[in-house]
Amino acid sequence: MKLSKKLLSLGLAFLISAPTYVNSYPATKQDMTIEFIDVGAGDAIYIETPSGDDILIDAGTAGNGKKVVDYLKRQEKSMDLEYVISTHPDADHVGGLKYVFQNMKVKKFYYPKDASYSTKTAKEVIDLAKKESGCKIYDAESSTKFSSGGAKLEFVHSSKNYSSDNEDSVMTYIDYGNLEVLLTGDAENGSESAAKKYNVDILQMPHHGSAGSSSSSFIKKFDPEKIIISTDGKKYGHPSATALNRYKNYDKNIDVYRTDRNGNIKISATGKKWWINTNKYSSQKITSTKPGSNSTSSGSSSSTKYVYANGGSSSSNKYHKSATAHGMKGAIKMS
Ligand SMILES: [Zn+2]
């Protein structure tokens, strides 16, 4: 992109958005937050449940551990982590957990025991978990469920032992009131197709947007309205335009949030409402059309979307993009 064009688009982005936090819905008091902390090329996701349990999923590379811990302590000075989940042993996920264990109290630690935690860093993290006083260690087996303050969490990845650590990534489904979210680690096609199915509102694009993930059938299976990508926008060409186009081809109205452009991305929920704030600017539509171009436009769209409400014959209490979602019959179409 030419510099003048880049400056223009940056300028536009600031014109249409507030300088600090941008709300896609009017803010009210939330009960639960799910926050993607910007750790460049890596993942670090912090969840505060309605009853105040603090959950951390991954912590970026070793170099990001301090950033993550400092961030958490700014939320609550003496925060303990009720749950720490390590999705898989790759350095961009497990590396920062070393600093987390050294600087915070962890009560429960989940990791996939079928993945090989054999690198020096991964081994150190497991050792620290074992030494952490009072910390219980669990295999993050698929179908494990726990709930906290009305929010339900479930690991939905396949129980198969893959030869690739990425495929053994823990995938976490979160359900709170009218919000459903799927977090995916670095899952790729095999594990995606084996994962338990849910229709979700928000999907973390697996493996930082890699083309080896986000198959068309996976997108259809989880039917997201919004996707979030944890990426620096550079390493390994993530996110891939090919993969982004699969979402666009499925539904051109899917909003995209990505940590390299939006900074920290926070989902807030009350059980009845949910919204997304970012500390840069608002969501983008997928506008890339050919592989090799991953440009997206800034600002949120105001185009009319049609949604479908339950016609009274299913237990669904939400609006859906499809008239037959969740087995609805006689759905009511509305804009
Ligand atoms: Zn990764």
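The shown structure was predicted, so the numbers you read here are calculated from the model rather than taken from an experiment. (Residues numbered from 1 in each chain as written. Predicted model: local features only at pLDDT ≥ 70, side-chain atom pairs only at ≥ 80, totals over all residues. Heavy atoms only, no water.)

Visitor: Explain the overall build of the protein residue by residue, including any values.
Guide: Counting secondary structure elements, the protein contains 9 helices and 20 strands. A total of 335 residues make up the protein; the buried ones form 53% of that total. Here the protein has roughly 14,600 Å² of accessible surface; of this, 51% comes from carbon and sulfur atoms. (Helix = DSSP H or I, 4+ residues; strand = E, 2+ residues; numbered from the N terminus. Buried < 20%, exposed > 50% of the residue type's maximum accessible area, 1.4 Å probe, protein only. Areas by Shrake-Rupley, 256 points an atom, 1.4 Å probe, with all protein chains shown as cover.)

Visitor: Which residues make up the coordination of the zinc ion, and what are the values?
Guide: Within the protein, D92 (OD), H93 (NE2), D186 (OD), D186 (OD) and H208 (NE2) serve as the donor atoms for the zinc ion, at 2.1 to 2.8 Å. Donor residues for the zinc ion, ordered by position in the chain, follow D-H-x92-D-x21-H. Note that D186 is positioned in the loop between β11 (179-183) and α6 (189-194) and H208 in the loop between β12 (202-204) and α7 (216-222), a separation of 22 residues in sequence. As far as burial versus exposure is concerned, D186 and H208 are alike and both buried. (Donors = N, O, S within 2.8 Å, 3.2 Å for Na, K, Ca; no water.)

Visitor: Can you explain the pattern of salt bridges? Please cite residues and give values.
Guide: By the definition in use, this model includes 9 salt bridges. With a shortest N-O distance of 2.9 Å, K196 and E154 are connected by a salt bridge. One end of the pair, K196, is in the loop between α6 and β12; the other, E154, is in strand β9 (residues 151-155), and 42 residues separate them in sequence. With relative accessibility at 38%, the residue K196 sits in the partly exposed group. Judged by relative accessible area, E154 falls into the buried class, the value being 5%. (Salt bridge = Lys/Arg side-chain N within 4 Å of Asp/Glu carboxyl O.)

Visitor: Account for helix α5 (residues 120-131), with residues named and values stated.
Guide: The end-to-end C-alpha separation of α5 is 16 Å, in line with the 16 Å expected for 12 residues at 1.5 Å each. Looking at the packing, one finds that the buried side of α5 touches α3 (91-94), α4 (97-103), β6 (108-111) and β7 (136-139). (Expected span 1.5 Å × (residues − 1). Contact = heavy atoms within 4.5 Å.)

Visitor: How would you sum up the nonpolar core? Please name residues and give values.
Guide: By size, the foremost hydrophobic cluster in this structure holds 29 residues, and its most contacted members are I34, L179 and I267. When sequence neighbours within four positions are dropped, the list of residues in contact with L179 reads M32, I34, I174, D201, I202, I267, A269 and W274. Counting 28 residues, the second largest nonpolar core, distinct from the first, contains L72, L81, Y117 and A129. (Core = buried A, V, L, I, M, F, W, Y, C linked by side-chain atoms within 4.5 Å.)

Visitor: Would you mind going over unusual backbone geometry in detail, with residue names and values included?
Guide: A negative phi holds for most residues other than glycine; trans holds for most peptide bonds. Note the cis peptide between H238 and P239, where omega equals 0°. If you trace the backbone, P239 turns up in the loop between β13 (226-229) and α8 (241-250). Of note, the phi angle at S143 is positive, near 75°, even though the residue is not glycine. In this structure, S143 sits in the loop between β7 and β8 (145-148). Look at H208: it is not a glycine, yet its phi comes out positive at around 55°.

Visitor: So what's going on with α8? Which residues, and what values?
Guide: When we look at burial in α8, the residues that qualify are A241, A243, L244, N245 and Y247. Contact partners of the buried residues in α8: β12, α7 and β13. N-capping of α8 is provided by S240, with a side-chain oxygen placed 3.1 Å from the backbone N of T242. (Polar contact = N/O pair within 3.5 Å; in protein donor to acceptor, adjacent residues only side chain to side chain.)

Visitor: Give me the lowdown on the side chain of S191, citing residues and values where you can.
Guide: Turning to its location among the elements, S191 is positioned in helix α6. S191 has contacts with Y162, E167 and M171, leaving out every residue within four places of it along the chain.

Visitor: So what about the side chain of S210? Which residues, and what values?
Guide: Within the secondary structure layout, S210 lies in the loop between β12 and α7. On the basis of relative accessibility, which here comes to 9%, the residue S210 falls in the buried class. At 3.0 Å, the side chain of S210 and the backbone nitrogen of G212 are in polar contact. Ignoring any residue separated from it by four or fewer positions in sequence, one finds S210 in contact with H238, S240 and A243.

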